[in-house]
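So you can see what is in the structure, the chains are spelled out below.
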Amino acid sequence: MVELSPSILSCNFSNLQKDLDKTTGTDLKMIHIDVMDGIFVPNISFGFKVIKDIRDKNDYFFDTHAMIVEPIKYIEEFKNSGVDRLTIHYEACENLDQTIDKIKDNDMEAGLTFKPATDINLIIPYLEKIDLVLVMSVEPGFGGQTFMEDSIEKIKILRAYIDENNLDVKIQVDGGIKTTNVEKVIDAGVDEIVSGSDVFGKDIKEQINKYYEIFKQKSL
Ligand SMILES: O=C(CO)[C@H](O)[C@H](O)COP(=O)(O)O
Ligand SMILES: [Co+2]
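Residues numbered from 1 in each chain as written. Chains lettered and ligands numbered in written order. Predicted model: local features only at pLDDT ≥ 70, side-chain atom pairs only at ≥ 80, totals over all residues. Heavy atoms only, no water.

### Notes on empty space enclosed by the protein
As a reminder of what qualifies: Definitions used for this entry: grid spacing 1 Å over protein atoms alone; cavity, a set of points where a 1.4 Å probe fits but cannot get out; pocket, an open set with protein on both sides within 12 Å along at least 5 of 7 lines; lining residue, one with an atom within 4 Å of a point. Grid points are joined across faces, edges and corners, and a volume is the space filled by probe spheres set on the points. Secondary structure elements are defined from DSSP: runs of H or I of at least 4 residues count as helices, runs of E of at least 2 residues count as strands, and each element is numbered from the N terminus. Just so you know the grouping, Ala, Val, Leu, Ile, Met, Phe, Trp, Tyr, Cys and Pro go in nonpolar, Asp, Glu, Lys and Arg go in charged, and all remaining residues, Gly too, go in polar.
Following the criterion strictly, the structure yields one cavity of 30 Å³ or more and no others. The space that makes up the largest cavity amounts to roughly 210 Å³. For the largest cavity, the lining is made up of 25 residues, of which F142, G143, G144, D174 and G175 are closest to its centre. At the level of secondary structure, the elements contributing two or more residues to the lining of the largest cavity comprise β2 (30–36), β3 (61–67), β8 (192–195) and α7 (197–200). Of the residues in the lining of the largest cavity, the class split is nine nonpolar, twelve polar and four charged.

Structure (structure tokens):
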């Protein structure tokens, strides 16, 4: 079944744990943690201290999306903060192979993502060595943007390649997903859905339950 990874970027940071507490009693298994450095993307979110502090209070799988230049420099710190999977940007790494290897050496799952304008054919060769490929369906940097329709084709290409080659790689989509458009990305073949403003910007528990209702219907 498809899983939801709600982005805490849309939480109220003055009440972060209060927002996370509202997710209890749902089917949720992971949360999406967007780290931005103000250089790779034109926005700054939060860093290791925040991740560490919520790690102490939440058992969820920490699905972390690093929108930072040269994440290789910070891999140990992500690990020490309690990150379970580190997803890095193709465009942000001078040596992508080395960066992926170092994530794995630090006992985290490795995810790879790419900006909407990046040619998907550049990503395909790395599918053999990663655990997750993330299709960005908005320009990275901000929550609350509109879903880019051409992401559907990218998901279909990745789904076909992964299935044809029997690869053990999950597909995630991030940006502009709502309960009203989630079905089309599921039909295209995603395994995980990131949603920020449509979860933490609304009635949190109700929205998570709505997503899981849709996922269950779709898996019948
Ligand atoms: O990576 C991101 C932005 O760069 C966020 O995960 C994403 O934008 C989620 O927010 P929303 O669902 O509101 O689009
Ligand atoms: Co993200």
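### A look at the coordination of the cobalt ion (ligand 2)
So the rule is basically this: Only nitrogen, oxygen and sulfur atoms qualify as donors, and only when within 2.8 Å of the metal (3.2 Å in the case of Na, K and Ca); with water excluded, sites may look incomplete. Here a site with four donors is tetrahedral if all angles are between 85 and 135 degrees, and a site with four or six donors is square planar or octahedral if opposite donors are over 155 degrees apart and the other angles are between 65 and 115; anything else gets the irregular label.
Taken together, the protein donors to the cobalt ion (ligand 2) comprise H32 (NE2), D34 (OD), H65 (ND1) and D174 (OD), at separations of 2.1 to 2.3 Å. Classification of the site at the cobalt ion (ligand 2) as octahedral follows from its six donor atoms and the range of 71 to 175 degrees in their angles at the metal.

### Focus on the pairing of β8
Selection criterion: Relative accessible area decides the class of each residue, using a 1.4 Å probe on protein chains only: under 20% of the type maximum gives buried, over 50% gives exposed, and in between gives partly exposed. Two strands are said to pair when DSSP picks up at least two bridges between them. Every crossover in which the path from the first strand over the helix to the second runs clockwise, viewed with the strands pointing away from the viewer, is termed right-handed.
Residues E192 and V194 line one face of β8 and the alternating positions I193 and S195 line the opposite face, and both faces are buried. Pairing geometry for strand β1 (residues 3–6) and β8, over four bridges, is parallel. Paired with P6 across the two strands is S195, which belongs to β8. Here three bridges tie strand β7 (residues 170–174) to β8, and the two strands are oriented parallel to one another. Bridge pairing in β8 places Q172 opposite E192. Once the chain exits β7 it traverses helix α6 (residues 182–188) before rejoining the sheet at β8, and the crossover so formed is right-handed.

### Looking at the sheet that holds strand β5 (residues 109–114)
Operational definition: Axis lines are fitted to C-alpha atoms, over the contacting stretch for helices. Their N-to-C directions set the angle, which ranges from 0 to 180 degrees. Should any heavy atoms of two residues lie within 4.5 Å, those residues are counted as being in contact.
An order of β1-β8-β7-β6-β5-β4-β3-β2 is seen for the eight strands of this open sheet, with the pairing classed as parallel. Sheet topology places β1 and β2 at the edges, where each strand pairs with a single neighbour. When strand polarity is set aside, the average angle formed by the axes of neighbouring strands in this sheet is 25 degrees. Judged from the four bridges that link them, β5 and strand β6 (residues 132–136) form a sheet pairing that is parallel. Following the sheet pairing, G111 is matched in β6 by L132. Sitting on the sheet, helix α2 (residues 48–55) is in contact with β2 and β3, with an inclination near 165 degrees to β2. Where helix α8 (residues 204–219) meets the sheet, its contacts fall on β1 and β8, and the angle it forms with β1 comes to roughly 155 degrees.

### Comments concerning the site of ligand 1
The test is simple: Nearness is judged by heavy atoms alone; a residue qualifies as near a molecule or strand once a single heavy atom is within 4 Å of it. By the criterion applied in these results, polar contacts are pairs of N or O atoms within 3.5 Å in which, for protein atoms, one can donate a hydrogen and the other can accept it, and in which residues neighboring in sequence qualify only through two side-chain atoms. In short, Shrake-Rupley with a 1.4 Å probe defines the accessible areas, and a residue's cover is counted only from the protein chains shown. What decides whether a molecule sits in a cavity or pocket is whether more than half of its atoms lie within 2 Å of the grid points.
Close to ligand 1 lie 19 residues; D34, G144, D174, G196 and S197 are nearest. Within the backbone of F142, one N or O atom sits 3.2 Å away from an oxygen atom of ligand 1. The separation between an oxygen atom of ligand 1 and a polar main-chain atom of G144 is 2.8 Å. The fraction of the free accessible surface of ligand 1 (370 Å²) that becomes covered by protein chains is 99%. Judged by the fraction of its atoms near the pocket grid, ligand 1 is located in the largest cavity.

### Comments concerning the UniProt feature "binding site: substrate" (unreviewed entry) in the chain
As a reminder of what qualifies: UniProt positions are given in the numbering used here, feature names are shortened, and annotations may be inferred rather than shown by experiment.
Mapped onto this numbering, the UniProt entry annotates "binding site: substrate" (unreviewed entry) at S7, H65, G141, F142, G143, G144, D174, G175, G176, G196 and S197. As for the lining of the largest cavity, the annotated residues named previously contribute S7, H65, G141, F142, G143, G144, D174, G175, G176, G196 and S197. Here G175 lies in the loop between β7 and α6. Here G175 is in contact with S137, V138, F147 and V194, once residues within four sequence places are set aside. Mapped onto the elements of the fold, G176 is located in the loop between β7 and α6. Setting aside anything within four residues of it in sequence, one finds G176 in contact with V138, Q145, T146, F147 and N181.

### Topic: the nonpolar core
It is characteristic of soluble globular proteins that their nonpolar side chains tend to be buried jointly. Operational definition: Side-chain atoms within 4.5 Å are what join buried Ala, Val, Leu, Ile, Met, Phe, Trp, Tyr and Cys residues into a set we call a nonpolar core.
One finds I8, F78, V133, V185 and I193 to be the most contacted residues of the largest nonpolar core, which totals 64 residues. Looking at this core element by element, the count peaks at six residues for α8. Excluding residues within four positions of it along the chain, I8 makes contact with F13, L16, L20, I31, H32, I33, F46, I54 and F200. If you look at the next biggest cluster of nonpolar residues, it comprises six residues, including L9, M36, M67 and A92.

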